[in-house]
Amino acid sequence: MNITYTNQKNFSANDLQQLFQSVNWLSANYPDRLKMALDNCETVFTAWDDKKLVGLVNAIDDSELTAYVHYLCVNPMYQGQGIGSELLNKIKIKYQNYLYIIVIAENEPLIKYYSRNGFQHIDGRYVFEIQNV
């Protein structure tokens, strides 16, 4: 298997929907909006197995100090092969001169995963959201 990486936004709404469905994310229900959101996002790196989108990371930044990793997803059939780590590495390189690269871990395994990839868990910080579904 030869995984290729790109920062070209050459994905379709269908590509995104299939990837996001593979990880059971709500965003998969809105493929056209998801594509528009990622097309308008400053930073998107994708991983491909031939013509199949198998991984994606994106970041939203303020152009100077802070970058927020919004999505990191890898199709479960491709997890454990270093694809997510490679995608995160591309983010870390791009934003190496920023003061902060922020990511939110939604569960205990993700805290461990991000820690293995160089992120520090910050005790006492809490995440809030409004979900308009």
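Overview of the structure. In this convention, every chain numbers its residues from 1, walking through the sequence in written order. Reporting in this predicted model follows two pLDDT cut-offs: at least 70 for local features of residues, and 80 or more for side-chain atom pairs to be given and counted; totals over whole chains, interfaces and linings ignore these cut-offs and use all residues. The side-chain values count all of the structure's non-hydrogen atoms but skip hydrogen atoms and water molecules.

## Some thoughts on the overall build of the protein
Move 1: Each helix is a run of DSSP H or I of at least 4 residues and each strand a run of E of at least 2, with the numbering of both proceeding from the N terminus. When helices and strands are counted, the protein shows four helices and five strands.
Move 2: When the helices and strands of the protein are listed from N to C terminus, the series reads β-α-α-β-β-β-α-β-α.
Move 3: Each radius of gyration is computed over the set of C-alpha atoms, and the globule rule expresses the reference value as 2.2 Å times the number of residues to the power 0.38. In summary, the protein has a C-alpha radius of gyration of 15 Å against a globular reference of 14 Å for 133 residues, a match within 12%.
Move 4: Three exposure classes are used, based on accessible area relative to the maximum for each residue type with a 1.4 Å probe and protein chains only: buried under 20%, partly exposed in between, and exposed over 50%. For the protein, the residues scored as buried account for 35% of the 133 residues in total.
Move 5: Excluding contacts between residues fewer than 6 apart, the proportion of contacts in the protein whose partners are at least 24 apart in sequence is 60%.
Move 6: Each accessible area value is a Shrake-Rupley result obtained with a 1.4 Å probe; residue values ignore everything except the protein chains displayed when judging cover. A total of about 8,900 Å² of accessible surface is found on the protein, and carbon and sulfur atoms cover 47% of it.
Move 7: Positive: Lys, Arg. Negative: Asp, Glu. His and the chain ends are not part of the count. Charge coordinates come from a single atom per side chain, which is NZ of Lys, CZ of Arg, CG of Asp or CD of Glu. Taking the average location of the 11 positive side-chain charges in the protein and that of its 14 negative ones, the two points are 4 Å from each other. Contacts are assigned to residue pairs with any non-hydrogen atoms lying within 4.5 Å of each other.

## A look at the sheet that holds strand E2 (residues 43-49)
Move 1: If DSSP finds at least two bridges between two strands, the strands pair. Pairing within the open sheet is mixed, and its five strands lie in the order E1-E2-E3-E4-E5. Lying at the two open borders of the sheet, with one neighbouring strand each, are strand E1 (3-6) and strand E5 (100-102). Adjacent strand axes in the sheet meet at a mean angle of 20°, parallel and antiparallel pairs treated alike.
Move 2: One ladder, built from three bridges, connects strand E4 (residues 66-74) with E5; its direction is parallel. Note on definitions: angles span 0 to 180 degrees between N-to-C directions of axes, and those axes are lines fitted to C-alpha atoms, for helices only across the stretch in contact.

## Brief notes about the side chain of threonine 43
Move 1: Along the chain, the position of threonine 43 falls in strand E2.
Move 2: Identification of polar contacts relies on pairs of N or O atoms within 3.5 Å, with a donor-acceptor requirement for protein atoms, meaning one able to donate a hydrogen and the other able to accept it, and with residues adjacent in sequence counted only if both atoms are side-chain atoms. A polar atom in the side chain of threonine 43 sits 2.6 Å from the side chain of tyrosine 95.
Move 3: With sequence-adjacent residues up to four places away left out, threonine 43 is seen in contact with Val57, Asn58, Ala59, Asp61, Ile91, Lys94 and Tyr95.

## Details of helix H2 (residues 31-39)
Move 1: Among the residues of H2, those classed as buried are Pro31, Leu34 and Leu38. Buried residues in H2, looked at end-on, bunch into an arc of 60°, giving them a common side. Pointing more than 90 degrees away from the buried face of H2 are the exposed residues Asp32, Arg33 and Met36.
Move 2: Elements in contact with the buried residues of H2: helix H1 (13-22), E2, strand E3 (52-61) and E4. This arc describes the spread of directions from the helix axis toward the C-beta atoms.

## Examining the pairing of E4
Move 1: In terms of burial, E4 is a largely internal element, seven of the nine residues being buried.
Move 2: Between E3 and E4, which pair antiparallel and follow one another directly, the connecting turn spans four residues, one of which, serine 63, has a positive phi of 75°.
Move 3: The definition of a right-handed crossover adopted here requires that, viewed with the strands pointing away, the path from the first strand over the helix to the second runs clockwise. With helix H3 (residues 83-94) bridging E4 and its parallel neighbour E5, the resulting β-α-β unit is right-handed.

## Structural notes on the environment of aspartate 32
Move 1: In this fold, aspartate 32 is placed in helix H2.
Move 2: On the basis of relative accessibility, which here comes to 59%, the residue aspartate 32 falls in the exposed class.
Move 3: In sequence terms aspartate 32 and glutamine 17 are 15 residues apart; their C-alpha atoms lie 8.7 Å from each other.

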